[in-house]
Protein chains: 2
Amino acid sequence: MQSFLTEHGIATSLTLGAVGLAGAFLLIRMVNSCSAGNDRMAEIAGAVQEGAKAYLHRQVLTISVIAVLLVIAIGYLRDTYTALGFVLGAVCSLAAGYIGMMIAVRANVRTAQAASESPHAALRVAFNGGAVTGLLVVGLGLLSVGLFYKIVLEYSGEVKIAINSLIGLALGSSLISVFARLGGGIYTKAADVGADLVGKIEQNLQEDDPRNPATIADNVGDNVGDCAGMAADVFETYAVSLIGAVLVAFLTTHGASEAALIYPFVICGVSIIGALLGIAFVNVVRISPTKALVGGVVISGIVSAALLKPVTDSMFPQAIAFSGTGKLVEASALFTCVLVGIVLTFATVMITNYYTSTAHRPVRRIAEACNTGHATNIIAGISTGHHATVLPVLCIAASIWMCYTQAGLYGIAIAVVSMLSLSGIIISLDAFGPITDNAGGIAVMSGLDPSVRKITDELDAVGNTMKAVTKGYAIASAGLAAMVLFGSYVEELKAHLGHDFVFDLMDPRVMIGLFIGGLLPFSFTAYAMDAVGSAAGAVVREVRRQIEAFPGILTGKDTPDYRQCVDIVTKAALRQMILPALLPLIFVVAVAIIPEHGPYFLGGLLVGTIVTGLFIGIAMTSSGGAWDNAKKYVEDGNHGGKGSPAHAASVTGDTVGDPYKDTAGPAVNPMIKVVNILAILLIPILFR
Amino acid sequence: MQSFLTEHGIATSLTLGAVGLAGAFLLIRMVNSCSAGNDRMAEIAGAVQEGAKAYLHRQVLTISVIAVLLVIAIGYLRDTYTALGFVLGAVCSLAAGYIGMMIAVRANVRTAQAASESPHAALRVAFNGGAVTGLLVVGLGLLSVGLFYKIVLEYSGEVKIAINSLIGLALGSSLISVFARLGGGIYTKAADVGADLVGKIEQNLQEDDPRNPATIADNVGDNVGDCAGMAADVFETYAVSLIGAVLVAFLTTHGASEAALIYPFVICGVSIIGALLGIAFVNVVRISPTKALVGGVVISGIVSAALLKPVTDSMFPQAIAFSGTGKLVEASALFTCVLVGIVLTFATVMITNYYTSTAHRPVRRIAEACNTGHATNIIAGISTGHHATVLPVLCIAASIWMCYTQAGLYGIAIAVVSMLSLSGIIISLDAFGPITDNAGGIAVMSGLDPSVRKITDELDAVGNTMKAVTKGYAIASAGLAAMVLFGSYVEELKAHLGHDFVFDLMDPRVMIGLFIGGLLPFSFTAYAMDAVGSAAGAVVREVRRQIEAFPGILTGKDTPDYRQCVDIVTKAALRQMILPALLPLIFVVAVAIIPEHGPYFLGGLLVGTIVTGLFIGIAMTSSGGAWDNAKKYVEDGNHGGKGSPAHAASVTGDTVGDPYKDTAGPAVNPMIKVVNILAILLIPILFR
C-alpha cells in the first residue's frame, strides 16, 4: 500500500474526486425527477431562475473584463502556465457557483411541492439540492487542482513549475470568489433589505407577498448570494487550502518528500468517501431534521478519520524532515494534525451555534434587549459579536500550537486541509438554508396551503442555524489557510532571494505593514455595507414609485413590474462590487512596490489583514446570525411576539445583521486569502 | 544654554509645570468669582455636585481595594520604589479627575448664568472651566513624574532604579484610568440611555425635563464620565508617554546620554508656555467660538514648535548614538520628530472632524440614511466608523516611518511626547463640551429664559465637535504611546536576559500572541457595552416604577426621587467596571507565566492588542460622534426635523453611539497601555 499511494496517490484521489462528481450528478437527477408542482409554481420559479441566470451572466461579463486584464498581466509578468492556472481557477469557481445555483433554483420549487406531501420528503429534496453543491465543490476542487498539477508536470517536467502554476489557479479562484461573494452578497441583501423596508414596514405586507414589486428580486438574491456566491467562496477555500498545503510541502522539504506533497490530495480524496456516506445517512434516516443533518456531519468526520489513520501510517513508514522545525516528523504526528482539523471543525460549529441559536443565552439576551427598543437591541447584538470572537480564536490558537509542535508549518497546513475536507458535507447544510427559504417564498406566492409554508418555515429555521454555524467554520478555516499562505510567502521569499528573512515586530516596516494590513478588512467591509445600503435605497425608491404610479398593485388588481426591481439590483450590485473587490489588490501592489523595503512592509500587511480580518469576520457573521434568530425568537411569541414593539426592534436588528452576515462578513474570507496569494505571486515579479 | 538645560532641564521643566498649576488655580479663582445664579440653579447644581461627589468617593473606595492588593504584590515582587510609584500614579490620576470634575460642576452653573448675559461670557466661563483640567493634567503629570524621578534618584543614587520606579507610576495611573474611564463611562451612558429611553421615547419628555426621575443622574454622569473619567485618562496618557520616552532614552543609549533622558521633560515644560498663551488667546479674542478654540490650539502648537527649535539645537550640539539604528542622530532629526508629533495632532483632529462634523459628507449621509429607517442609519454609522480608521492609521504609519528613519524608536517616543505636550490646550476643548451640556440642563431645569438654552445649545454643538475630534487625537496618541512601550518591553527583555530577542511573525508563538492580544479589545468592549446596556435597563425599570407609583410626577405635582436613580446607576457602574478592567491583567499574566515561551507569546499579545485596539478605538469613537451629529443635523430641520420618522431613527443611532463613543471606545486607550506597562513590569518577576 505504501508504494501504491505514494506512486498513485494523486491518481487515486482524482478517481475519488470523479466519484464525488458522479455522486453530484446522481443527486441532480434525483432532484430533477421530483415533481415541480403546478403551473403557478413553475411560473414563479421560472421568474426567479430567469432573474438569477440574467444576473450571473452579467456578473461573468463584468468580472471577465478585469480577469482578462489580469490574465494578460500574469502571462506577461510570470508565465503561461500560471496564467492558464488563473483561468482554470476562475472558470471552476464560477462553474461551482453556477451549477450550484442552477440546481438550487430547481430544488426549491420541488421542495415546496414535496412539503405538500411530507416534512421528510421536503427535507430530502432540499438537502440533496444542497449536497449537489457540496459534492461539486470537493469534486471540482480536487480534480481541477490535481489534473492541472499533473498536466503541467507532464508538459514542463519540473515540479517547481507545476507548483508555481497552482498559485495562478489559487489567485484565479480567490479573486473570482471575492467578486462572487461581494456581488451576490450585495444583491441578496439589497433586495432583502429594500423589500423589507418598504414592504413590511411601510406597507405592512408579509414576507414574499406577491404584491411587493421587490419580492422576486429578493428570491433571486437568495440564489445568487447564498447559493452561487457561497459555492464560489467554498470552492476557493477548498482549492486554496489544498494548494497551500502542497506549496508548504514543497518549500519546507525542498521537494525531497513526494509523500508530503501527495498527502493533501489523499486526505481530500479519502474524505469524499466520508461525505458520500454522510449524505447517504441523511437520505436514509427518519429522525428530526437537526439530528439527521448533524448526524451526517458526525458520520462523515468519523469515517474520514478512521480511513485516514491507516492511509497516513502507510504513506509515512519513515519519519520525514521539514526545514524550520529541525526535527523528524512521524506518521502519528501528521495524523494528530488531521484530528486537530476535525476537532476544530466541530469546536467552531458548536461555539457559533451557542452564540447564534435561539436555544442559548446570547440570542435570548438580544431578544430581551428588544423590550427596551431598537438601540438596546443593536448594542446587545454588537456586543454578542465581539464576545463570539474569543473562544474560536482561542481554539485556533491552540490548534496552531498543537500542529506546529507536531509538524511545523506543514502540520498547520494539514489541519486546514483536514478541516476543509469536510466541506463536502458541511456545504450541503449551508446550501440547504436558501433552498428551504425560497421554497417557502414559492409556496406563499403560488398560494399553496398554509400548512406547506409551516413545514418550509420549520425547515427554514433549521437552515438558518446551519447557515450561521457553517460561517464560523468558514472564517476559522479561512484564517488558518491564510496563515499557511503567509508561511508560504516567507518560504518562497527565502527561496527566491536566497537568504533568510525575519519579520521582527521591532522592525518599523513590519509594524507599519501590520497597521496597513489591519485597515484592509475595515475599509473593505465599510464599502460592502455602503453598497448594500445604497442599492437597498434604490430598491425602496423603485417600489415606492411603482406603488404610487399603480395603486392597484396593493389591492392585487395590477401586477407589479418585478423585472424592473431585478434589473435595478443587478446593476447596483455589479457596479458596487468592483471598488471593494479591487481594494486588496491595490493595497498589496502599492505596498509591494516600495523600493528595497517592499517585502517587509508586505509581510506585515499580510499578517495584519489576517488578524483584524479574522476578528471582523467572526464578529460580523455572529452578530448577524444572532440578530436573525433573536427576531425569530420574538416571532415565536416571546416578549410580545409579532406586531409588538419588541418585534419592531428585532426587525431592525435583523436588517442591520443582513449585510453583516451575508455580505461584508463572509466576503472577508476570500479577501484575506487574495492578499496572501497575490503576495506570493508578486515575489519573482517585484523582488530581486 | 546647552550646559544649563542639560544640567537643569528637569528642574526648569518642573518650574514650568508649577507655572501651569498656578495657571490652573488662577483659572479656578476666575471661574469661582463668576455669579452662580439664583437659588433654584444653586439647588440643582448642588444635587448634581452631591451625586458626582458621592459617586467618585465610592469609586475611590472600590478601586482602593484592588489597588492595595496590587501595591502589596508589586512591593513584594519588585521593590518599594516601584510600589510607591504605583501609589503616586494612582493618586495623581484620581486627583486630576477629582479636581477637574469639581471645577466642572462649578463652571456649569456659572456658564448657565453667564449665558443669560452674553454668548461670549458663557464661552469664556465654560472654556476656562475646561482649561483648568487641561493645565492640571499637564502640570500634575510633569511634576509627579519629574519630582518622583528626582527623589528616587537622590535616595537610591541609581538612574536604573529611578527609571524602574517610574514604571510603577505608569502602571498606577494606567490602571486607575481604566477603572475611571470604564466606571465613569458606564455611569454616564447608562444614565443617559436610561433617561432617554423612558423619558424621551416612552413619556415624550424633553431632554433635562425635571419630571424625569433620571435627569439628575444623567447630569451627574456627564461630570463623572466626561470630566473625571476623561481627566484621569489624559493624565495617564501624558504621564505614560513621558515615562515611555524616558525609558526608551535610557534603554537605547544604555544610559549614556543625559540630554536624551531630559529632553522629553523639556518638551513637556516648554509646551506649557504654548498652552498658557493659547488659553489667553481664547479669553481675549471676540470671534466665533469655533474660530476662537481652533485658534487657541494653532497658537499653542506654533509657540511650542518655535520655542523647541532653539531648545533642541542647544541641548544636542553633538549628534548622539542610539542602539538599534546604528547611526548618529542630530538635533535637527529630533526636532523633525517634534514637528511630526504636532502635524500628526492636527491631521488626526482634521480627519476626525471630517468624519464627525455636520458640515461634511459622512454625517450627512448618515442623516440621509435615517429616511429609510433605524436599520439603514445603523448600517451607515457603522460603515462610517470603519471608513474613519483608514486615514488616521495611514498618518500614524507615515509618522512611525518618518520618526524611525530620523531617530529610531526614540524618535517615535519624541513624536508621542510632542503630540501629548499639546494636551494642555486640547483637553481644554474636550472638557468644554460637558460643561456647556450641563449648563443647558441647569438652564432648563431651573426654568431660565429659553434664550439662555439657545446660547448653551449653540456652545454645546461646538463642544460636541470638539469632544469628537479630541477622541481621534487621544486614540492615535495612545496607539503610538503603546508602540513605544512595546519597544521598551523588548529592550528591557534584552537587557534583562542578556541576549537578543526576535519576535518573528513566522514564530507560531508570536502569531498566537497576536491572535490572543487581538481578542482583548473585542472582549473588553463587549463587556463595556453589556455593562451600559444592563445598567441602563435598571434605570428604565426604576423610572417606570416611580412614574407608576406616583403618577403626579408627570403632571409636576410630585417631585421624582432623583437620588434613587443616582444610587442605582452608581452601584451598577461600580459593579460592572471590575471584570472588564481586570481582563487585560488576567490575560497578560496568564500568557506570561507559560514556562519557557512566555516572553514570545507576550510580545505577540502586546502588538495584537495595539493593532485591533487602535482600529476598534477609532471606529467606535468615530461612529458614535457621527451618529450624535447626524441626530443634531436632523434636529436642525433636515429630513423632516424633530418628531419625524427620520428623527426617531437618528435617536436610535445616537443611543447606540453613546456607549460606543463614551464608554467602550475611549476605554480602549488606557487598556492597550495597561497591557504593555504590565508586561514591562513583569519581566524581572517572571522571566529569567
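As recorded in an unreviewed UniProt entry, chain A goes by K(+)-insensitive pyrophosphate-energized proton pump and comes from Luteolibacter soli. Checking UniProt for chain A, the heading Function (unreviewed entry) contains the comment "Proton pump that utilizes the energy of pyrophosphate hydrolysis as the driving force for proton movement across the membrane. Generates a proton motive force."

Undergrad: Can you tell me about the UniProt feature "site: Determinant of potassium independence" (unreviewed entry) in chain A, naming the residues and giving the values?
TA: Residues and elements named next belong to chain A. UniProt records the feature "site: Determinant of potassium independence" (unreviewed entry) for Lys467 in the present numbering. You can see Lys467 is positioned in helix α14 (residues 450-497). Not counting residues within four places of it along the chain, the set of residues in contact with Lys467 comprises Asp226, Asp430, Pro434 and Asp662.

Undergrad: Hey, could you go over the interface of chain A and chain B for me, with residue numbers and the actual values?
TA: Opposite the 70 residues of chain A that make contact, chain B presents 70 residues. Both faces combined, the contact of chain A with chain B buries some 6,100 Å², and carbon together with sulfur accounts for 85% of it. Counting across the chain A and chain B interface gives two salt bridges. Secondary structure elements with two or more residues in the side of chain A that touches chain B: α11 (374-387), α12 (390-420), α14, α15 (508-549), α18 (598-635) and α19 (645-686) of chain A. At 19 residues, the largest contribution of residues to the side of chain A that touches chain B is made by α15 of chain A. Of the residues contributing to the side of chain A that touches chain B, the split by class is 46 nonpolar, 18 polar and six charged.

Undergrad: Break down the relation of the copies chain A and chain B for me, citing the residues and quoting the values.
TA: In the superposition of chain A on chain B (RMSD 0.0 Å, axial shift 0.0 Å), the rotation amounts to 180°. Interpreted geometrically, this transformation is the action of a two-fold axis. Closest approach to the rotation axis among the C-alpha atoms of chain A is made by Asp504 of chain A, whose C-alpha sits 2.3 Å away. Comparing interface residues between copies, 100% of those in chain A also sit at the interface in chain B, which points to an isologous, same-surface contact.

Undergrad: So what's going on with helix α13 (residues 423-445) of chain A? Which residues, and what values?
TA: Residues and elements named next belong to chain A. The end-to-end C-alpha distance of α13 is 33 Å, a good match for the 33 Å that 23 residues give at a rise of 1.5 Å each. For α13, a buried count of 21 out of 23 residues is recorded, marking the element as mostly surrounded by other parts of the structure. Downstream of α13 by one or two residues, Gly447 has phi in the positive range, about 65°.

Rules and cut-offs
- Residues numbered from 1 in each chain as written.
- Chains lettered and ligands numbered in written order.
- Predicted model: local features only at pLDDT ≥ 70, side-chain atom pairs only at ≥ 80, totals over all residues.
- Heavy atoms only, no water.
- UniProt positions renumbered as here; feature names shortened; annotations may be inferred.
- Helix = DSSP H or I, 4+ residues; strand = E, 2+ residues; numbered from the N terminus.
- Contact = heavy atoms within 4.5 Å.
- Buried area = accessible area lost by both parts, 1.4 Å probe.
- Salt bridge = Lys/Arg side-chain N within 4 Å of Asp/Glu carboxyl O.
- Nonpolar A, V, L, I, M, F, W, Y, C, P; charged D, E, K, R; others polar.
- Least-squares fit on C-alpha atoms with pLDDT ≥ 70 in both.
- Expected span 1.5 Å × (residues − 1).
- Buried < 20%, exposed > 50% of the residue type's maximum accessible area, 1.4 Å probe, protein only.

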